[in-house]
Amino acid sequence: MHIGKTGIWSPELRLHPDPVEIHEAAAELDQHGWGALWIPGLGGGDILGDAERLLRATENTTIATGVLSIWRHPATEMAEGHARLRQAYDHRLLLGLGVSDAAAAQHAGGTYRPLAALDSYLDALDQAEEAVPADERVVAAMGPKLTELAGRRSAGTHPFLVTPEFTAGARAILGSGPMLAPYQAVVVDPEPERAREAARGFLAPFIRMGHYAKSLLRQGFSEDDLSDGGSNRLIDAVVAWGDVDVIGERIMAHHDAGATHVALHAIGRGNGLPLAEWRQLAPLAH
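Residues numbered from 1 in each chain as written. Predicted model: local features only at pLDDT ≥ 70, side-chain atom pairs only at ≥ 80, totals over all residues. Heavy atoms only, no water.

(A) Focus on the packing of helix H7 (residues 144-153) against helix H8 (residues 164-174). Close contact between H7 and H8 brings their axes to 9 Å; oriented N to C, the two are set at 50 degrees. Classified by the angle their axes make, H7 and H8 are oblique. The handedness of the crossing between H7 and H8 comes out as right-handed. Judged by residue contacts, Pro144, Thr147, Glu148 and Gly151 of H7 engage Ala170, Ile173 and Leu174 from H8. (Axes fitted to C-alpha atoms, helices over the stretch in contact; angles between N-to-C directions. Helix = DSSP H or I, 4+ residues; strand = E, 2+ residues; numbered from the N terminus. Parallel < 35°, antiparallel > 145°, perpendicular 65-115°, else oblique. Left-handed = near helix turned anticlockwise from the far one by under 90°. Contact = heavy atoms within 4.5 Å.)

Laid out in structure tokens, this is it:
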């Protein structure tokens, strides 16, 4: 599956209240040449329906779930939906899968054993009447064991809130073949205080989540870095802010570290579609 070197990651492409505006925005992003449009799981809902809306709006770009929770979306339903969309739109749907956290597992009535649960979920995708091919699914792996499993049983990994140094470590685990497509938050603004404020406003809730906090601590940040919405050191490391050239340098750093694709999340100033930011970032689509 070809997803190019860069893509757009966007909750707005799921949440924006006007489906016509979503359609038009997705079509424009497709014309810009982005390799993939990523939509997050957001706790559940009809993620394949939302993916199909984007597939209808585009001609070339891959649509990726970044990521759906294995606790909220039964494997049999995802396999059936994937097969239907593959028949209608060719091989342009990449299923991104995540193990979420213990709360999600408990809500689903399960025990949080992420490695075993993911392995079983992938078995179910393999054993479905129309199996989801390994190269059309990717795993949100942030720890070494999940990364290794993802490399064996899927196209690769889509890690969240990571640095180029993390990317290099993940590539060492994966070896040369599998996809490595890190999420990268960006703020298109060269003014430091304003850019960091926007980044902090988005990241603060994630930093308070246990599994993301543990990942950041494993990456070498301290408890102090995680307090008060994130230190400048943390913000600067996991969010690329500045003009388009500076953001391009961060993308290059991930690629130099072994990434095959970088999914850019443009953090905008409001709740609407960040059209201005996407248009500014368009030169990075190729």
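Moving on from the model shown.
(B) Focus on the side chain of Ser69. Its location among the elements puts Ser69 in strand E4 (residues 68-69). Looking at Ser69, the relative accessible area reads 7%, which means it is buried. The contact partners of Ser69, leaving out residues within four places of it in the chain, are Gly98 and Ser100. (Buried < 20%, exposed > 50% of the residue type's maximum accessible area, 1.4 Å probe, protein only.)

(C) Spotlight on the pairing of strand E9 (residues 183-188). Within E9, six of the six residues are buried, leaving the element largely enclosed by the surrounding structure. A two-sided burial pattern is seen for E9, the buried positions comprising Tyr183, Ala185 and Val187 on one face and Gln184, Val186 and Val188 on the other. As paired elements, E9 and strand E11 (residues 262-266) share four bridges and run parallel to each other. Bridge pairing in E11 links Tyr183 to Ala263. The pairing of E9 with strand E10 (residues 239-242) spans four bridges and is parallel. Residue pairing for E10: Val186 is matched across the bridge by Ala240. (Pairing = 2+ DSSP bridges.)

(D) Representation of the environment of Gly66. Here Gly66 shows up in the loop between strand E3 (62-65) and E4. For the pair Gly66 and Ser100, spaced 34 residues apart in sequence, the C-alpha to C-alpha distance is 12 Å. Excluding residues that lie within four positions of it along the chain, Gly66 makes contacts with Trp9, Trp38, Ile39, Pro40, Gly41 and His158.

(E) Summary view of the pattern of salt bridges. A complete count under the given rule lists 13 salt bridges for this structure. Here Glu28 makes a salt bridge to Arg279, at a shortest N to O gap of 2.7 Å. In this pair, Glu28 is assigned in helix H2 (residues 19-32) and Arg279 in helix H14 (residues 275-281), connecting sequence segments 251 residues apart. Residue classification places Arg279 among the partly exposed positions, given a relative accessible area of 46%. For Asp123, the salt bridge is made with Arg153, and the minimal N-O distance between the two is 2.9 Å. You can see Asp123 sitting in helix H6 (residues 114-127) and its partner Arg153 sitting in helix H7, a full 30 residues away along the chain. The exposure class assigned to Arg153 is buried, which follows from its relative accessible area of 13%. (Salt bridge = Lys/Arg side-chain N within 4 Å of Asp/Glu carboxyl O.)

(F) Seen up close, unusual backbone geometry. Look at the link from Gly66 to Val67: it is a cis peptide, with omega at 5 degrees. Structurally, the position occupied by Val67 is in the loop between E3 and E4. The phi dihedral of Leu161 falls on the positive side, at around 55 degrees, and the residue is not glycine. Considering the arrangement of structural elements, one finds Leu161 in the loop between strand E7 (156-157) and H8. Phi is positive for Asp228, close to 55 degrees, though the residue is something other than glycine.

(G) Highlighting the environment of Ala51. The topology assignment puts Ala51 in helix H3 (residues 47-57). Since its relative accessible area comes to 0%, Ala51 is described here as buried. In this structure, the C-alpha to C-alpha distance between Ala51 and Ala131, residues 80 residues apart in sequence, is 19 Å. What Ala51 contacts, discounting residues up to four positions off in sequence, is Ile39, Ile63 and Leu93.

(H) Summary view of the packing of aromatic side chains. By the definition in use, this model includes seven aromatic pairs. Centroid distance Trp9 to Tyr183: 4.8 Å. Interplanar angle 80 degrees. Geometry classified as edge-to-face. Here Trp9, found in strand E1 (residues 6-9), pairs with Tyr183, found in strand E9; they are 174 residues apart in sequence, far enough to count as distant. A single burial state applies to Trp9 and to Tyr183, both of which are buried. (Phe/Tyr/Trp six-rings, centres within 6.5 Å; stacked < 30°, edge-to-face > 60°.)

Treat this as a map of the structure, not an account of what it does.
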